[in-house]
Amino acid sequence: MENKYSQVGQDKFVLSLFDSNYKGTFVDIGCRLPDEINNTLLLEENGWTGVSLDLDDYSEQWKIRKNVFVKDDALTCNYKELFEKNNMPQVIDYLSLDIEGNGLRYLALKRLMESNYEFKVMTVEHDSYRGYDLTEKIPQRKLLTELGYTLLCADVRNDNQSFEDWWINPKY
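Residues numbered from 1 in each chain as written. Predicted model: local features only at pLDDT ≥ 70, side-chain atom pairs only at ≥ 80, totals over all residues. Heavy atoms only, no water.

Caption draft 1: Highlighting the overall build of the protein. In terms of helices and strands, the protein carries five helices and seven strands. Ordered by position in the sequence, the α and β elements of the protein form the string α-β-α-β-β-α-β-α-β-α-β-β. Whereas a compact globule of 172 residues would reach a radius of gyration of roughly 16 Å, the protein reaches 15 Å, a difference of no more than 12%. Its C-alpha atoms give the protein principal-axis dimensions of about 40 × 35 × 35 Å. Scored against the burial criterion, the 172 residues of the protein give a buried share of 48%. The contacts in the protein between residues at least 6 apart in sequence include a share of 69% that link residues at least 24 apart. Surface exposure of the protein reaches about 8500 Å², of which carbon and sulfur atoms provide 48%. Each charge class in the protein can be summarised by its mean position, and for the 20 positive and 30 negative side chains these summaries are 3 Å apart. (Helix = DSSP H or I, 4+ residues; strand = E, 2+ residues; numbered from the N terminus. Rg over C-alpha atoms; globule rule 2.2 N^0.38 Å. Buried < 20%, exposed > 50% of the residue type's maximum accessible area, 1.4 Å probe, protein only. Contact = heavy atoms within 4.5 Å. Areas by Shrake-Rupley, 256 points an atom, 1.4 Å probe, with all protein chains shown as cover. Lys, Arg positive; Asp, Glu negative; His and termini not counted. Charge placed at Lys NZ, Arg CZ, Asp CG, Glu CD.)

Following this line, the structure appears as structure tokens:
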């Protein structure tokens, strides 16, 4: 059986940054299945609400979860419309960005940031171990640093391979 919670503790990292009774909001882009290596299931079990998005249609599988699943392309999604439709606040507590493709995470992140929503905490995959430094890690870091975010945990590893950065927004 697959692990139903996050791959390397993203969910526990997020929860550790908030009061234990806090009921936050999340956006999970590239969510995949609702109960197999999922970054937001533990958050939901702790009373958080949010929107989960994936390019593939997992709507049947997501019926076991309380929160909204949306089948959409992270590169073309109208995030502002999506967030408004689902009553998301202007400042969302947690963003998980985990889509596949060389350079596609950066493009999705850029589009998402253009929606003028802010995030308190982010885990953003870059797959540096695949050689995506120039197309993912470096441009992601430049963009988020310019927007005022702070890189808290750089080059988070799984199986000794650098694949993700963890960010916070110091305003919150």
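From this point, things continue past the structure.
Caption draft 2: Inspection of the sheet that holds strand E7 (residues 161-168) at higher detail. An order of E3-E2-E1-E4-E5-E7-E6 is seen for the seven strands of this open sheet, with the pairing classed as mixed. Unpaired on one side and paired on the other, strand E3 (68-71) and strand E6 (150-158) mark the two borders of the sheet. Averaged over neighbouring strand pairs, the angle between their axes works out to 15 degrees when direction is ignored. Against the sheet, helix H5 (residues 133-146) touches strand E5 (118-125), E6 and E7, its axis set at about 5 degrees to E7. (Pairing = 2+ DSSP bridges. Axes fitted to C-alpha atoms, helices over the stretch in contact; angles between N-to-C directions.)

Caption draft 3: Inspection of the packing of aromatic side chains at higher detail. For the coordinates displayed, the defined rule picks out seven aromatic pairs. Residues Phe18 and Tyr22 carry aromatic rings whose centres are separated by 4.9 Å and whose planes lie at 15 degrees to one another, so their mutual orientation is stacked. Residue class for Phe18 comes out buried when judged on its relative accessible area of 15%. Look at Tyr22 and you get partly exposed, because its relative accessible area is 29%. Judged by centre distance (5.9 Å) and plane angle (40 degrees), the rings of Tyr79 and Phe83 are tilted. (Phe/Tyr/Trp six-rings, centres within 6.5 Å; stacked < 30°, edge-to-face > 60°.)

Caption draft 4: Seen up close, the side chain of Thr25. Structurally, the position occupied by Thr25 is in strand E1 (residues 25-29). Those residues within four positions of Thr25 in sequence are excluded, and the remaining contacts are Trp48, Thr49, Met88, Pro89, Val91, Ile92, Asp93 and Tyr94.

Caption draft 5: Inspection of helix H4 (residues 104-113) at higher detail. Three or more residues of H4 are buried, namely Arg105, Tyr106, Ala108, Leu109, Leu112 and Met113. Buried residues of H4, viewed axially, fall in a sector of 165 degrees; they line one side. Taken together, the buried residues of H4 touch E1, helix H3 (79-85), strand E4 (91-97), E5 and H5. (Arc of directions from axis to C-beta.)

Caption draft 6: Here's a closer look at the state of the cysteines. Scanning the model with the defined rule gives zero disulfides in all. Here Cys77 stays free of any disulfide, with the sulfur of Cys31 as its closest cysteine sulfur at 12 Å. Residue classification places Cys77 among the buried positions, given a relative accessible area of 2%. (Disulfide = S-S within 2.5 Å.)

Caption draft 7: Fine view of the environment of Tyr149. Within the secondary structure, Tyr149 sits in the loop between H5 and E6. Overall, Tyr149 belongs to the buried group, its relative accessible area being 6%. Sequence spacing of Tyr149 and Trp167 is 18 residues, and the spatial spacing of their C-alpha atoms is 6.5 Å. The contact partners of Tyr149, leaving out residues within four places of it in the chain, are Met113, Glu118, Phe119, Met122, Leu144, Trp167, Ile168, Asn169 and Pro170. Separated by 3.1 Å, the side chain of Tyr149 and the backbone nitrogen of Phe119 make a polar contact. (Polar contact = N/O pair within 3.5 Å; in protein donor to acceptor, adjacent residues only side chain to side chain.)

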